[in-house]
Amino acid sequence: SDVAYITANPQCSMLDASQFLRMEEVWKSRWQNAESGYIHPRAVTDKTVETMRQDDPGKTVAHYMQPHGSFRLSEEGGHPWTKLQVGDRDLETTWEYYRDNLEWVLEELKLLLNNVDAEKVVISADHGNSMGECEFYGHRPYLPLKGMRQVLWVETSATDHRTYDPE
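Residues numbered from 1 in each chain as written. Predicted model: local features only at pLDDT ≥ 70, side-chain atom pairs only at ≥ 80, totals over all residues. Heavy atoms only, no water.

A. Structural context of empty space enclosed by the protein. Scanning all chains against the criterion turns up one cavity of 30 Å³ or more. There is about 30 Å³ of room inside the largest cavity. H68, G69, H79, W81, H127, N129 and H139 are the residues that line the largest cavity. Grouping the constituent residues of the lining of the largest cavity by class yields one nonpolar, six polar and no charged. (1 Å grid on protein atoms, 1.4 Å probe; cavity = no way out; pocket = protein on both sides within 12 Å on 5 of 7 lines; lining within 4 Å. Points joined across faces, edges and corners; volume = space filled by probe spheres on them. Nonpolar A, V, L, I, M, F, W, Y, C, P; charged D, E, K, R; others polar.)

B. Seen up close, helix α3 (residues 91-113). For α3, spanning 23 residues, the distance from its first C-alpha to its last is 32 Å, which sits close to the expected 33 Å at 1.5 Å a residue. Those residues of α3 that fall on the buried side of the exposure criterion are T94, Y97, Y98, D100, N101, W104, V105, E108, L109, L111, L112 and L113. Here α3 starts with a cap whose side-chain oxygen sits 3.3 Å from the backbone nitrogen of E92, and that cap is D90. (Helix = DSSP H or I, 4+ residues; strand = E, 2+ residues; numbered from the N terminus. Expected span 1.5 Å × (residues − 1). Buried < 20%, exposed > 50% of the residue type's maximum accessible area, 1.4 Å probe, protein only. Polar contact = N/O pair within 3.5 Å; in protein donor to acceptor, adjacent residues only side chain to side chain.)

C. Expanded view of helix α1 (residues 41-55). Spanning 15 residues, α1 covers 21 Å between terminal C-alpha atoms, matching the ideal 21 Å at 1.5 Å per step. Looking at α1, one finds that the buried residues are P41, A43, V44, T45, D46, T48, V49, T51 and M52. If you follow the buried residues of α1, they end up packed against β1 (3-7), β2 (22-25), β4 (38-39), β5 (59-63), α3 and β6 (118-123). Immediately beyond the C-terminal end of α1, within one or two residues, lies D56, with a positive phi of roughly 45 degrees. (Contact = heavy atoms within 4.5 Å.)

D. Local environment of the pattern of salt bridges. Tallied over the entire structure, the rule returns eleven salt bridges. A salt bridge links R22 to E24, with the shortest nitrogen-to-oxygen separation between them at 2.6 Å. The burial state of R22 is the same as that of E24; both residues are buried. For the salt bridge of K47 with E50, the shortest nitrogen-to-oxygen distance reads 3.2 Å. With a gap of three residues between them, K47 and E50 both fall in helix α1, about one helical turn apart. (Salt bridge = Lys/Arg side-chain N within 4 Å of Asp/Glu carboxyl O.)

E. Spotlight on the sheet that holds β1. Strand order in the open sheet formed by three strands is β2-β1-β5, and the pairing between neighbours is parallel. Each edge of the sheet is formed by a strand with only one pairing partner; in this case those strands are β2 and β5. Neighbour-to-neighbour, the strand axes of this sheet turn through a mean angle of 5 degrees, independent of strand direction. The pairing of β1 with β2 spans four bridges and is classified as parallel. Bridge assignment links Y5 to a residue of β2, and that residue is M23. Relative to the sheet, α1 contacts β1, β2 and β5, its axis offset from that of β2 by approximately 160 degrees. (Pairing = 2+ DSSP bridges. Axes fitted to C-alpha atoms, helices over the stretch in contact; angles between N-to-C directions.)

F. Just the layout of surface pockets, in detail. Its boundaries defined by the atoms lining it, the largest pocket holds a volume of some 1300 Å³. Those elements that provide at least two residues to the lining of the largest pocket are α1, β5, α3 and β6. At seven residues, α3 tops the list of elements feeding residues into the lining of the largest pocket. Here the residues of the lining of the largest pocket sort into 25 nonpolar, 13 polar and nine charged. Its volume calculated, the second largest pocket comes out at about 200 Å³. Every residue along the wall of the second largest pocket is listed here: N9, Q11, H68, D126, H127, H139, R140 and P141. Of the residues belonging to the lining of the second largest pocket, the class tally is one nonpolar, five polar and two charged.

Shown next as structure tokens:
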């Protein structure tokens, strides 16, 4: 295959790495905070820039975990949607944390798009989140709720201006 897959998602362990030109599981080595459970998005950005500059794959998938929980503003750990559902956190705070994680990864995307070459870039998500639909929050396996199925799809391009070199 000509696909490089750089991922912060531990679910990738179910995939066969030999099916990819390169598979980088940054979640194995770059946990930012093991207690709260998030992986800094810079780990994905660094490995994606490095991979695209060195290997020039036909296609690259950069799989960030943000805005997925755990949220960086929430240092106490625990699943953010469960905390909301059981009343340990209010909706306003949950949205604040979610927006912060989204803005965090969008800043990384700006950095990435200015440091790789790609005629076509698709920005999307592997799932959405339910925000109270049928009294569910977050995402739950096998529930066909609209909030979890609808995701953004943005097409753009990228140009390597070499304004950043990964550590």
